[in-house]
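Descriptive structure summary
Each chain, letter by letter, is given below.
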Amino acid sequence: MPETTTHATELASQYIAQVTGDLEANLKEQERIGAEIASLQGQLAALQHDHSVLVSMQQALGIAQAPTESAAESKNGMLPSPRRKKAGSPGGGKQKARKSTASTAAPVKKAARKPAASGTDSVKAAAPTLVELIRQHLTEQKEPRSAAEISTALGEAHPDREIAPKVVRVTLEGLVAKSQAERSKQGRSVFYTAPAAEPTAAPEAEAPREPTDS
């Protein structure tokens, strides 16, 4: 066999071995990245679920969100004041007139940016909070109810709202802490009722009048 043919065969074998090794490494890298993507997608789904639960708890506890829109509007509505020119420089009168025009036009521009209240915002403002719904439900019930029973009843009465049992349980414990609900335990189960009405004090009997000498 000529030396050239032997050299070409060895070179081809080296290329084949290198390509085979690179292909295996590529497949392993794909598997590793695919596993990481699946893990990250699972973490993202869990975070999104926790976010929705926390938002529901925030609404149930009546925590108001920080107003960010008004701050952004005031920042965008501010106009830079024109640079003043030195005394005696030409065009000073025009610069002063432009400054006054800009100062008077700025409030009008800012007022125009203020969005009008939509019907959806009015409906949300008028809708009762979860705390109010739970207090009303407890007041209407004559027997103790568990958090799961209350959550099911409110979900059926208000199908347009997402009422999670975990949020209902946290809200009930908050009402108990504020003495706006009572908590009782029967075995391993916990039940809640409306606070007992305080007995009204009986009016004091009118003291008999002493007879007066006529």
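Residues numbered from 1 in each chain as written. Predicted model: local features only at pLDDT ≥ 70, side-chain atom pairs only at ≥ 80, totals over all residues. Heavy atoms only, no water.

**Some thoughts on the pairing of strand β2 (residues 189-193)**
In this structure, strand β1 (residues 182-186) lies alongside β2, joined through five bridges in antiparallel fashion. Residue pairing in the sheet places Glu 182 in a bridge with Thr 193 of β2. Hairpin remark: β1 followed by β2, antiparallel, with two residues in the connecting loop; positive phi at Gly 187, about 70°. (Pairing = 2+ DSSP bridges. Helix = DSSP H or I, 4+ residues; strand = E, 2+ residues; numbered from the N terminus.)

**Let's talk about helix α6 (residues 147-157)**
Residues of α6 that are buried: Ala 147, Ile 150, Ser 151 and Leu 154. One side of α6 carries all its buried residues, which in axial view fall inside an arc of 100°. Residues of α6 that are buried sit in contact with α5 (130-140), α7 (165-177) and β2. (Buried < 20%, exposed > 50% of the residue type's maximum accessible area, 1.4 Å probe, protein only. Arc of directions from axis to C-beta. Contact = heavy atoms within 4.5 Å.)

**What about the environment of Thr 171?**
Structurally, Thr 171 is set in helix α7. Among the residues examined, Thr 171 registers a relative accessible area of 3% and is labelled buried. Expressed as a C-alpha distance, the spacing of Thr 171 and Met 57, which sit 114 residues apart in the sequence, is 7.9 Å. Discounting chain neighbours no more than four positions away, the residues touching Thr 171 are Ala 60, Leu 130, Val 131 and Ile 134.

**Observations regarding the nonpolar core**
In this structure, Leu 130, Ile 134, Leu 138, Leu 154 and Leu 172 are the most contacted members of the largest nonpolar core, which totals 17 residues. Put simply, the parts of the chain that give this core at least two residues each are α1 (3-60), α5, α6 and α7. (Core = buried A, V, L, I, M, F, W, Y, C linked by side-chain atoms within 4.5 Å.)

**Concerning the pattern of salt bridges**
As a working rule, side chains carrying opposite charge can pair if their charged atoms are close by. Per the counting criterion, the structure on display carries four salt bridges. Among the ionic pairs, Arg 32 bridges to Glu 29, the shortest N-O distance being 2.3 Å. Here Arg 32 pairs with Glu 29, and both are found in helix α1, just three residues apart, close to one helical turn. Exposure remark for Glu 29: the relative accessible area of 36% places this residue in the partly exposed category. (Salt bridge = Lys/Arg side-chain N within 4 Å of Asp/Glu carboxyl O.)

Read these as geometric descriptors, not functional statements.
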